[in-house]
Amino acid sequence: MSSAVSSPPVCVLGLGLIGGSLLRAAAATGRQAWGYNRSSQAVEAAVADGFDASTDLTATLRRAADTDALVVIAVPMPAVGSILEAMAEHAPDVALTDVVSIKAEVAAAVAAHGLSRRFVGGHPMAGTAESGWTAGTADLFRDAVWVVTVDDGTDPEVWRQVADLALDCGSVVVPAESREHDAAVARVSHLPHLLAEALALSGAGGGDLALGLAAGSFRDGTRVAATAPALVDAMCEGNAEALLVALDETLEVLRTAREQLADRSTSELTRAGHAARTRYEQRRRDPIVGTQPGDEGWIAAFREAGRRGGVWTR
């Protein structure tokens, strides 16, 4: 059920796939919601679809400040700094979150602009290989995991606002510390992008015959390689430290697999991989109980619950 009656307005900065979907989803809950995008084409499309959108960042932020809106940064990491600079000037006291796929670098940028006091990071684990306003949908976040960060000094009231927005959009809220989040998504989101690009190259290397024979496993394994390269670059380069660790581990797995294949044996890899996939399919999501945002020790308790797969429900 939506909590829109008691929830603040939502201001979305960036109307690509994620931001555009969020504007749609927030409006669908009955919240007052509006958005900004630098590109007039995206704004014109949003307005044509019946949404409140503008190319005037200053006016958009002043409106957010006047209405005490929850502002959501939904631009790629390279554009975050300019957005924060404008926020520091025009809306320094609003509740602030983001939907960028890396969290530690965003938190550092927020701190550098003096905006940490009312900032809580967010990352909905949702998306498609398409991009732009027209690719968005109000249902994009339904049943998706939405990380809401629990860094030191997190404001519990802002945390609730961000978590409520995620829940209103139909998502499953998982608390995590920013660097732990980045280490985790390096393995399950950013590395799969690199592997998909490599697999696509392997298929193309076989020429038209190989591509003509490609079916489900190749299609599914390369799906995210259809993502706009600039978006992949932004997420992978922004999380390079954690991604390098995951990539090095995977290269070692593949090196070992090559040695075993040379001896006509792949069973070690296939059995271990099958077990890992089974663990993923059988994962549990237990509600976080006994601790509320703002309770003594709540940040540490929420971090530990998130590590165990715990989820927040209201």
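This structure is a prediction, so every number in the text was calculated from the model and none was measured.

Caption draft 1: Examining the overall build of the protein more closely. Counting its secondary structure elements, the protein contains 13 helices and eight strands. Since a compact globule built from 314 residues should have a radius of gyration of about 20 Å, the 21 Å found for the protein is in line with a globular shape. Dimensions of the protein, computed from C-alpha atoms along their principal axes, come out at roughly 70 × 50 × 35 Å. Taking all 314 residues of the protein together, the buried fraction comes to 46%. Considering only contacts in the protein between residues 6 or more positions apart, those separated by 24 or more positions represent 71%. Just so you have it, the protein exposes about 15,900 Å², and 53% of that area is on carbon and sulfur atoms. Across the protein, 27 positive and 40 negative side-chain charges occur, with their mean positions spaced 6 Å apart.

Caption draft 2: Looking closely at the sheet that holds strand E2 (residues 33-36). Spatially, the five strands line up as an open sheet ordered E3-E2-E1-E4-E5, and their pairing is parallel. Only two strands of the sheet have a single partner each, and these edge strands are strand E3 (53-54) and strand E5 (95-98). Taken together, the four bridges between strand E1 (residues 10-13) and E2 define a ladder with parallel strand orientation. The partner of Leu-13 across the bridge, within E2, is Tyr-36. Against the sheet, helix H1 (residues 17-28) touches E1, E2 and strand E4 (70-73), its axis set at about 165 degrees to E2. Docked against the sheet, helix H3 (residues 57-67) engages E1, E2, E3 and E4, running at close to 150 degrees with respect to E2.

Caption draft 3: Main features of the confidence of the model for the protein. Across the protein, the average pLDDT comes to 95, with 98% of residues at or above 70. Throughout residues 1-5 the model reports pLDDT below 50, and contacts reaching past four residues in sequence, or to other chains, amount to 12 contacts.

Caption draft 4: Spatial organisation of the environment of Leu-22. Structurally, the position occupied by Leu-22 is in helix H1. On the basis of relative accessibility, which here comes to 0%, the residue Leu-22 falls in the buried class. Measuring from C-alpha to C-alpha, the distance between Leu-22 and Glu-44 comes to 17 Å, with 22 residues separating the pair along the chain. Setting aside residues up to four positions removed in sequence, Leu-22 forms contacts with Val-12, Val-72, Val-99, Phe-141, Trp-146, Leu-165 and Cys-169.

Caption draft 5: Main features of helix H2 (residues 40-48). Taken residue by residue, H2 has Ala-42, Val-43 and Ala-46 as its buried positions. Buried residues of H2, viewed axially, fall in a sector of 100 degrees; they line one side. Opposite the buried face of H2, by more than 90 degrees, sit the exposed residues Gln-41, Glu-44 and Ala-48. Contacts made by the buried residues of H2 are with E3. Of the residues one or two after H2, Gly-50 is the one with positive phi, at around 95 degrees.

Caption draft 6: Quick peek at the nonpolar core. One finds Leu-22, Phe-141, Trp-146, Trp-159, Leu-165, Val-173 and Trp-312 to be the most contacted residues of the largest nonpolar core, which totals 42 residues. Among the elements that make up this core, the one with the highest residue count is helix H6 (residues 156-168) (seven residues). Not counting chain neighbours up to four residues away, the residues in contact with Trp-312 comprise Trp-159, Arg-160, Ala-163, Leu-167, Val-173, Ile-288, Thr-291, Gln-292, Pro-293 and Phe-302. The next biggest cluster of nonpolar side chains, apart from the first, holds 28 residues, and it includes Ala-64, Met-87, Ala-109 and Val-110.

What counts, and where the lines are drawn
Residues numbered from 1 in each chain as written. Predicted model: local features only at pLDDT ≥ 70, side-chain atom pairs only at ≥ 80, totals over all residues. Heavy atoms only, no water. Helix = DSSP H or I, 4+ residues; strand = E, 2+ residues; numbered from the N terminus. Rg over C-alpha atoms; globule rule 2.2 N^0.38 Å. Buried < 20%, exposed > 50% of the residue type's maximum accessible area, 1.4 Å probe, protein only. Contact = heavy atoms within 4.5 Å. Areas by Shrake-Rupley, 256 points an atom, 1.4 Å probe, with all protein chains shown as cover. Lys, Arg positive; Asp, Glu negative; His and termini not counted. Charge placed at Lys NZ, Arg CZ, Asp CG, Glu CD. Pairing = 2+ DSSP bridges. Axes fitted to C-alpha atoms, helices over the stretch in contact; angles between N-to-C directions. pLDDT = per-residue confidence, 0-100. Arc of directions from axis to C-beta. Core = buried A, V, L, I, M, F, W, Y, C linked by side-chain atoms within 4.5 Å.

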